[in-house]
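# Secondary and tertiary structure notes
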Amino acid sequence: ANTARHGGGMYNCYDSKPSLKNCTFSENLAEYGGAVKNSESIPTLINCTLHGNSAEMGGGIWNGWGGSAELVNSILWGNSDSSGMGESAQINDARGSRISVINYCCIQGWTGTLGGIGNIGSDPLFADPEDGDYHLKSAGWRWDIDSERWHYDEITSPCIDAGNPGFPLGNELLNMLPFQSHSSS
């Protein structure tokens, strides 16, 4: 857990365009952008999870002063700001920002006003977020890192097989992809 005035987990500025894949931002605290703040920058987040971050404005991502974000196959859930835990607490395109591009993501409080395709607002059903396990529950089995064995859940996350169908499948044993795709034998 990090604490900062701007971007508790990451602060992007001055025309930067970082690309992050398979990242988790959790339990960070800031005045603007609990997990990520973008000013005059456009980061791309693919298969990332932002959970439990908090800020005065934009608990998950805060975009301002020409900043925005491109999100694909990512989950923004359980982030909070002074407005609560709705959509603007997950991703806040403040006045003066560019419009973020959001596709195939799971965003708490999703209203659809931010646009994009394939987005949902259903609880992602993390395995054990209180202990930092952001694997998705699956009745079709999921890999349990701690016990190093497959685990069966009685419920399946709505995020499984909800990611961009044009993306390659990840290796569930090696990657903790938020939007997992798998096949059963």
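We now turn to the structure provided with this report. (Residues numbered from 1 in each chain as written. Predicted model: local features only at pLDDT ≥ 70, side-chain atom pairs only at ≥ 80, totals over all residues. Heavy atoms only, no water.)

Now for the nonpolar core. Counting 18 residues, the largest nonpolar core has L50, I61, L71, I91 and I102 as its most contacted members. Discounting chain neighbours no more than four positions away, the residues touching I91 are I61, N63, L71, L76, S100, I102, I107 and L114. Counting residues in hydrophobic clusters, the runner-up holds eight residues, among them C106, Y134, L136 and I160. (Core = buried A, V, L, I, M, F, W, Y, C linked by side-chain atoms within 4.5 Å. Buried < 20%, exposed > 50% of the residue type's maximum accessible area, 1.4 Å probe, protein only. Contact = heavy atoms within 4.5 Å.)

Another aspect to go through is the environment of L114. Mapped onto the elements of the fold, L114 is located in the loop between β15 (106-107) and β16 (126-128). For L114, a relative accessible area of 18% gives the class buried. Separated by 23 residues in the primary sequence, L114 and I91 place their C-alpha atoms 9.3 Å from one another. Among all residues touching L114, those that are not within four sequence positions of it are E87, I91, D93, S100 and I102. (Helix = DSSP H or I, 4+ residues; strand = E, 2+ residues; numbered from the N terminus.)

A few words now on the pattern of salt bridges. Going through the model one piece at a time under the given rule, you end up with two salt bridges. Measuring nitrogen to oxygen at the nearest pair gives 3.0 Å for the salt bridge that ties R5 to E31. One end of the pair, R5, is in strand β1 (residues 3-6); the other, E31, is in strand β5 (residues 29-32), with 26 residues separating them in the sequence. Judged by relative accessible area, which is 52%, R5 ranks as exposed. (Salt bridge = Lys/Arg side-chain N within 4 Å of Asp/Glu carboxyl O.)

In this structure, Y14 is a non-glycine residue whose phi angle is positive, near 55°. With respect to the secondary-structure elements, Y14 resides in the loop between β2 (10-13) and β3 (19-21).

Strand order in this open sheet of four strands is β2-β6-β10-β13, and the pairing throughout is parallel. Of all the strands in the sheet, just β2 and β13 (91-93) have a single pairing partner and so form its edges. Averaged over all pairs of adjacent strands, the angle between strand axes in this sheet comes to 10°, irrespective of strand direction. Here strand β6 (residues 36-39) pairs with strand β10 (residues 61-64) via four bridges, running parallel. Paired with V36 across the two strands is I61, which belongs to β10. (Pairing = 2+ DSSP bridges. Axes fitted to C-alpha atoms, helices over the stretch in contact; angles between N-to-C directions.)

Turning our attention to the packing of aromatic side chains. Counting across every chain of the model gives four aromatic pairs. When the centroid spacing of 5.4 Å and the interplanar angle of 55° are considered together, the rings of W141 and Y152 count as tilted. Here W141 is found in the loop between β17 (133-136) and β18 (142-144), whereas its partner Y152 is found in the segment after β19 (149-151), with eleven residues between them in sequence. On the accessibility criterion, Y152 (42% relative accessible area) is partly exposed. Taken together, the aromatic side chains of Y32, W62 and W65 make up a single cluster linked through ring pairs. (Phe/Tyr/Trp six-rings, centres within 6.5 Å; stacked < 30°, edge-to-face > 60°.)

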